[in-house]
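# Notes for the structure review
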Amino acid sequence: QIQLVESGGGLVQAGGSLRLSCAASGDIENYCMGWFRQAPGKEREQVAGMMYNAGSTSYGDFVKGRFTISRSNTKNMVWLQMNSLEQEDTAVYYCAAQKNSGGCYLRLGNRYEYWGQGTQVTVSS
C-alpha cells in the first residue's frame, strides 16, 4: 500500500508559479502517477499524468503548456510545476497513484488506487 502526501500549495497572484510536491511512502517505480484537481462546485479533473517509467505524459486541455509533471522513482517523489497561474486554477490539488498493469489510463481518475489528502492552491487577481 502507498500513502501519498502533497505539499507546496498556497496563495499566489495570477501570473505566478507554484511547485507542488507529492511524497510517497512506498516504492512508486511500478506506478503511474497523476495530479488531479477539484474546485468548489465542480467535478474532479485531470491535471497531469505520467507513466511509471516517465515514458509519456498526459495533460488536461486547460494546461496549455503551463504545467509540467515530473517524478523521481529513486526518491519516490512526484512534482507539478505550475507557471502562469490563473484564477481558474484555484482548487484542491490531489496526487494519485495507479499501478501499472501493462499500461495505465492516465486521464481516468477512477483508475487510480491511491490518493493523497490534497493541497489547496488559491490564485488571486
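Overview of the structure. Everything numeric in this text was worked out from a predicted model, so none of it was measured.

## Quick word on the overall build of the protein
Secondary structure assignment for the protein yields 0 helices and 11 strands. In sequence order, the secondary structure elements of the protein are arranged as β-β-β-β-β-β-β-β-β-β-β. Relative to its length of 125 residues, the protein is compact, with a C-alpha radius of gyration of 13 Å against a globular reference of 14 Å. Residues counted as buried form 46% of the 125 residues belonging to the protein. Sequence separation of at least 24 residues holds for 60% of the intrachain contacts in the protein that already meet a minimum separation of 6. For the protein, the exposed area adds up to about 6,400 Å²; of that, 44% sits on carbon and sulfur atoms.

## What about the side chain of S21?
With respect to the secondary-structure elements, S21 resides in strand β3 (residues 18-24). On the basis of relative accessibility, which here comes to 15%, the residue S21 falls in the buried class.

## Here we look at the environment of Q1
The topology assignment puts Q1 in the segment before β1 (4-7). Distance in space between the C-alpha atoms of Q1 and R111 is 15 Å, their sequence separation being 110 residues. Residues contacting Q1, with those up to four places away along its chain left out, are S25 and Y114.

## Comments concerning the state of the cysteines
As enumerated under the stated definition, the model contains 2 disulfides in all. In this model C22 forms its disulfide with C95; the gap between the sulfur atoms is 2.1 Å. Where C22 bonds to C95 through sulfur, the torsion about that S-S bond is close to -80 degrees, and the disulfide is left-handed. In this pair, C22 sits in strand β3 while C95 sits in strand β9 (residues 91-99), placing the two residues 73 residues apart along the sequence. Classification of C22 by relative accessible area gives buried; the value is 1%. Among the residues examined, C95 registers a relative accessible area of 0% and is labelled buried. Within the protein, bonded cysteines paired by disulfides and numbered along the sequence follow the pattern 1-3, 2-4.

Definitions and cut-offs
- Residues numbered from 1 in each chain as written.
- Predicted model: local features only at pLDDT ≥ 70, side-chain atom pairs only at ≥ 80, totals over all residues.
- Heavy atoms only, no water.
- Helix = DSSP H or I, 4+ residues; strand = E, 2+ residues; numbered from the N terminus.
- Rg over C-alpha atoms; globule rule 2.2 N^0.38 Å.
- Buried < 20%, exposed > 50% of the residue type's maximum accessible area, 1.4 Å probe, protein only.
- Contact = heavy atoms within 4.5 Å.
- Areas by Shrake-Rupley, 256 points an atom, 1.4 Å probe, with all protein chains shown as cover.
- Disulfide = S-S within 2.5 Å.

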